[in-house]
Each structure stands twice: as C-alpha cells, then as structure tokens.
Amino acid sequence: MATRVQVETSTMSFAKPRPIVAIEEVRGHEEPSILVLYERDQEQIVAEIAGVLGQQWRLIDPEDGDASPIDGTVVGICGAHDTLRWRGSSTVLATHCLDDPNPAVGSRSSICDYEYLYTTKPFFRRDLARFLSFVLGQINPHKDLAKKAKTTLISTTFPDVHAALPNLDILSVGADAIEIRVDLLKETKPDGSFSDVPSLQYVGEQLMTLRQRTELPIIFTTRCTKENGRFPMDDPKLFYDYLYRAVQWGCEYIDVELWLPEDLRRKLASQKGNSKIISAFHDFSGNFKWTSPDAQRLFGQGAIYGDVVKMIALVSTMQENYELEYFRSIIQSTYPYPPFSGLNMGPMGQLSRALNKIFTPITHPLLPIIAAPGQLSAAEINSALHSMGQMPKLDMYCFGSMRATGQAMFFEKCINELSLPHQLVCVEQSSQDGLATVVKIPHFGGAFINPPIAASAPCLPSISDAAASIGQIDTVVARSDGDKTNLVGDNATWKGIRATLCRDFVPSAYSGQAAILLASQESQAAAAVFALRSLNIGPIYTIGFKVQGPLSGFVTPFKGLEDVKKVEQPAVIISALRADKSLLVSPLLKHYGGHKPEQRKAAKVFLDLSNGPRKGDPVALAETQGWAAYGIADVNAWTTVETLRLLVGQNVPYDFVRLAAGRSIY
Ligand SMILES: O=C1C[C@@](O)(C(=O)O)C[C@@H](O)[C@@H]1O
C-alpha cells in the first residue's frame, strides 16, 4: 500500500496552526497485474496498454508450461484461451480492434473481466488511459461527482453517435455525465431497414466512438418500451446481457430499471466492478402519487442495488411538484445514502427539473429530439433558478494581468452559454488589498487570480490544504450556506498539472517514480511539487531553486551536474522556467531521452510550464527524444476546467476549453 499527499478539498482556518501536508494511505497505487487477450496481428495493443500503465510487457503462449503473469509485467496472449488460472489474481482484459466491423466483439466476454474496444487509425491513448484508470479503480468519478452540490447528465438521443461528434463539445457544456440511450440507436440492416434491437457489436462500436471523444462519465441506458424507450420487455435477460457488457466495457454508470427481475438486478450489482448502478423507475400512467406509501417502497427497493435512485413520473398539475419536493425532503432526511434523483415529466413537471440536484437530465437545442417530455437545457434550468431567486446574481472577480483578462473573456463565454446570471469584473492588478476590498462586497461570488497571491491572505477566513501547502491562492471560492457565505482560498493550478500528467498515463504509472523539476524560484514550482506528490511521485529532484515552504520535505535539491548521474531515468521532467530560459532544460531531455518507445518501461513525461514567446521549443525537442510532452496550453486548459468547477460549480469539458479559447488566452 502506497502513501500519498492528502489532496481532498478539506480546508483549514487561519486560527489553527499552519498546515502541513497530510499523508494518507490509499489503495490502488500498486502495479496492477494484467493479462491481455489480443487478436491476431494486434500485439501492439499489449505494448500500448503496458505503456499507459508504465509497465513492462511480454507475449506468451499459454500452451508453454507455466504462464502465470509476473508482477508488474503485462502479459499478452493471442486469441481466446482458458483464463481460469489468471482470474482473481489478475485483471483479464479482452481487446477488440474495430478498425473494420469486428464480429468477435463480446465473444470472449465469459473468459475476461473487461473488454477494451479500440481503433488504431487513429489510436486514442487518452481513451485507453481513462479506461484503465477506471476499471483498475485508480480514479473514482462517482466519488468526485458526489461532492458536487448539483449534477446533470446530458441525454443524447442520436440514432448514431457519429452525428453527435461535431457538436459534442458544445453539447456537453454544463453536463457532468453523458447518457447513451442504447435503445434509441438505430442499426441499419443490409436490406436498409433497422433492427429492433441494435446488436452488441454495433452498440460496442457506438460506445467506443463516444468515449473516444468525451471525458465525461458515460451512463449506459437501455430504456424499455413501457418507460418511453425502445427496448422490448418480453426478454429481461436481453437487458442483463447489454448492461453486463457495459460494465465490461468500462461504463461509469449503468441504468438498471426497477421492473427487471430481482435476480438479474442482484447479479448486476454483484458483477458491477467499479461501475455504479442508477436504479431507474418511470411512471407514465399519470396516476403516480408521490404522497402514496408506494413511492417510499419503490425508493427502498431501488436503494437495495442502486448507487443512485432515480424516480420519474408524468404529471399534469403544479401540486405534484410540491408533493415531490416534500417526498424529496423526507427521503433526504431519512436516508443518507443512496442519493435520490426525483423528477416530474411533462410541461407541468418542469419546476422539478430545476429543483432536482442529483443527475438532472438536460437536453440541448442541437440534439435531434428531447429524451422525455418537459426536458430543459442547462441554460433553461439556470435561468429558471435565477428567476425563482435560487441563483442570485453574483460578481466574480478576475484579478491580474492581460492573460488573466483573456481568461476572463473565456469565462464570460461559458457564463453566457450556461445562462448564468453572474457578472465578471476585471481588476488589472492582483493584490491582497484589492482582494480584501472586494470580498466585503455583498454580491461577491468568487475570484480568479493570475498571478496567484500568497496563501497568507488574511482577508480569507479559510484556505484549502492544497493552497496552504503550495503557498498560493489562485481561486477564491464563495459558497453560500443559507444566508452566510463561506469564502475559501484555493489552488486550481496543481489540479491542472495533475490532470495533464494523467491524460495519457494511469496514476500508478507514476507511483514511486523519480521526477526532476526546474525553476528559478519556489513560487514557480510549488503547484507542480504538490501535483507530483498527489501522484505519489518521489523522489522529486529540484534544480535552480530552493523549497522553503511546507513542501520542502518532499524534494531533494540537486547540487551539481554530478547529481544528475545518480538518477537513472525520471518518469517526469517539469520545467517551470521563464519562457526566455526554457531551453535550459534541453540537455536533461537529451540526457534522459533517446529510448525507443518499445523499450519504454515507465512513464516518461515532459511538461513545459513556460508561457509566452521563446527562442526554441522544448516540447518539440522532448517529443523527438521519446517523451510524452505537453505545453502550458494543456495545463492552462485543465486548470480552466478546474477553476470553473470551483467558481461556478459547472463542468466545462477540456476539449471545449481548447476549442473555444483558441490560442489567444495562452
Ligand atoms: O431516466 C431518464 C430521465 C429522462 O426520462 C427524463 O425524464 O429526462 C430522460 C432519459 O433519457 C433518462 O434515462
């Protein structure tokens, strides 16, 4: 079991002693043991999987004597074999290449734990990293969403997800998860007609296509005919077959209808792995009563296997919204778990869509049809909440340089896109005094500060552990709690750095690995040190600066060039040098570069945090030296995603930030 820095968003008050970086024991950072079943001529996928895991790999013939995986080595076997001896001790992963239609999809379902569907032209490494991180339990999107005050899901209604792709980034602004309505997919048969139920192969291809283009958790839904869907109800086993496959495909959520026989629901719950179950109940009769004992009984039934319980009824009177709200308050005060998502359908039920807080389904004008009567977009819900006095207009401040102002313009775009009532106020200089003045303004709604200010800002009653450890506040979060507003100084930059590092590698690829960090002063590098520690990276060697703050115990300064020789191969090099000095990292990149990708055993990532015009391009150089290399635009985009989450509680996808922000803000 490994140790890591406590990175939860806990906060501390200034009345308490100065923070130290708390160390927490976590599971899931050991090297996983993986057996990959690959298809003929597809051994490259074994190398890709090992690359994302930062582990070695080898191919074996299971007929050749002892073939047990060696700890830390990804083992590949061609074709389908009896995998019994590996099950339990290793994760058995069947892989299917879908460059061409592949009828083998699902054929090894019974001998594997998970199935990875992929294309090689192009190959999406980010998708593989996300898939592996999830199925190996190294990320937990449900836990992250559970911390949000409000969550939404975008219900896509496309017959073919390819039609969604050009608009996917804009469609998902404001969504925390994306639902694939499998029952609405339309597979064309050779004679030009559509099959009643899309085949598993078609669904698998559709799901893969969607996941390659979105970072949002996916909800896999097979809605039945009685509940406004198209999946036939005469064979409940059909639902099981699709939903279990969704678990094997690594879907974060499966939607399990409550009418399904209990044995199937129980079986899915016992086989769900890291996927979560949304227990779903829809009543279209128009006779459902939230006040009846039946409603509570149905919640109780859903709660047995559901990680979220969703209950939805078609209504025709306003009164039924009040009854639902009463029901919601009873449920929430009686059952701390699982969370309840309760909605009324139809035009009369729209109020409940604004008031529901858990996985509120949203639509978007660019979708072909709405998924259910009365559905609203994220913008419509925010406008409704504002008119009802549930989302007061706040002033959000952007302190800082022109760069910060450029970022402010992007925030403004998001605020407009989501119809949030807030207003952005730009203040050219970032200073503690400026902040101290605005936090007292009655409609102060938070601030974004670039460059960040020292974490000792006395005008803020509390700061997060991350901001205290890094010593810098780049975001002030204002959360209202009744008539009181809590202000917290936080740091989003470290999260942007961490997200960039985890784009193409799973967290365990970094655990216990060395890193080298270059900067001219501690303030440039502190967020990076925190991000590295959050991934349990260590030792962290520093060049060019001294760390004196709370993170000093986590770094080892390099005294001279001879120290470089002591580090065999760092998994990460980060340069936080100014742009005009950024080429100083080149000798290090060359010294540790040059390995061919197939020889690569561990993660090998270079991050250039320098911003602005420069003479050369260390990112390009790093790439030629075999590093996975990222520049400041990547880190800034992830940081923007995190800042918006903190400031307005809304999720804006990374790809949307890259798309809409263009190059101007960087
Ligand atoms: O369960 C739900 C909720 C929903 O029915 C709605 O009312 O918005 C839409 C469906 O796509 C989704 O699966």
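Every value quoted in this text rests on a predicted model; they were computed, and no experiment measured them. (Residues numbered from 1 in each chain as written. Predicted model: local features only at pLDDT ≥ 70, side-chain atom pairs only at ≥ 80, totals over all residues. Heavy atoms only, no water.)

Trainee: Would you take a moment to explain the domain arrangement of the protein for this structure?
Mentor: In many reports, interface size means the accessible area that the parts give up when they come together. Taken domain by domain, the protein holds domain 1 (34-135), domain 2 (141-388), domain 3 (395-490) and domain 4 (495-630). For domain 1 and domain 3, the distance between their C-alpha centroids amounts to 46 Å. (Domains from an automatic or database assignment.)

Trainee: I keep staring at the pairing of strand S25 (residues 540-543) and nothing clicks. Help me out?
Mentor: Every other side chain in a regular strand lies on the same face of the sheet, so the side chains alternate between the two faces. With 4 bridges connecting them, strand S24 (residues 515-518) and S25 associate as parallel partners. If you follow Leu 517 over to S25, its bridge partner there is Thr 542. You can see the chain leave S24, run along helix H16 (residues 522-534) and come back into S25, and the turn it takes is right-handed. Bridge count for S25 against strand S26 (residues 555-557) is 3 bridges, and the pairing is parallel. Note on S26: the bridge partner recorded for Tyr 541 is Thr 556. (Pairing = 2+ DSSP bridges. Helix = DSSP H or I, 4+ residues; strand = E, 2+ residues; numbered from the N terminus. Right-handed = clockwise from strand over helix to strand, strands pointing away.)

Trainee: Is there a simple way to think about the sheet that holds strand S7 (residues 91-97) in this case?
Mentor: Note: strands within a sheet are paired through backbone hydrogen bonds, in either parallel or antiparallel orientation. Read across the sheet, 5 strands follow the order S5-S6-S4-S7-S8 without closing on themselves; strand pairing throughout is parallel. Of all strands in the sheet, those bounded by a partner on one side alone are strand S5 (56-59) and strand S8 (114-118). Across the sheet, the mean angle from the axis of one strand to that of its neighbour is 25°, orientation sign disregarded. Taken together, the 5 bridges between S7 and S8 define a ladder with parallel strand orientation. Pairing of Ala 94 across the sheet is with Glu 115, part of S8. Along the sheet, helix H2 (residues 125-135) contacts S7 and S8; its crossing angle with S8, the most-contacted strand, is approximately 170°. (Axes fitted to C-alpha atoms, helices over the stretch in contact; angles between N-to-C directions. Contact = heavy atoms within 4.5 Å.)

Trainee: Explanation requested: the pairing of strand S9 (residues 152-156) in the structure shown.
Mentor: Of all 5 residues in S9, 5 are buried, a share of seventy percent or more. Of the two faces of S9, the one lined by Thr 152, Ile 154 and Thr 156 and the one lined by Leu 153 and Ser 155 are each fully buried. The pairing of S9 with strand S10 (residues 177-181) spans 4 bridges and is parallel. Residue pairing for S10: Ile 154 is matched across the bridge by Ile 178. (Buried < 20%, exposed > 50% of the residue type's maximum accessible area, 1.4 Å probe, protein only.)

Trainee: How should the site of the ligand be read in this particular structure?
Mentor: In the region of the ligand, 13 residues are neighbours, and Glu 179, Arg 223, Lys 310, Arg 353 and Gln 375 sit closest. Glu 179 has a polar side-chain atom sitting 2.4 Å from an oxygen atom of the ligand. Look at the ligand: alone it shows 320 Å² of surface, and the protein chains cover 98% of it. Listing elements by their share of the shell around the ligand, those giving two or more residues are S10 and strand S14 (308-314). Here the shell around the ligand is composed, by residue class, of 5 nonpolar, 3 polar and 5 charged. (Near = heavy atom within 4 Å. Polar contact = N/O pair within 3.5 Å; in protein donor to acceptor, adjacent residues only side chain to side chain. Areas by Shrake-Rupley, 256 points an atom, 1.4 Å probe, with all protein chains shown as cover. Nonpolar A, V, L, I, M, F, W, Y, C, P; charged D, E, K, R; others polar.)

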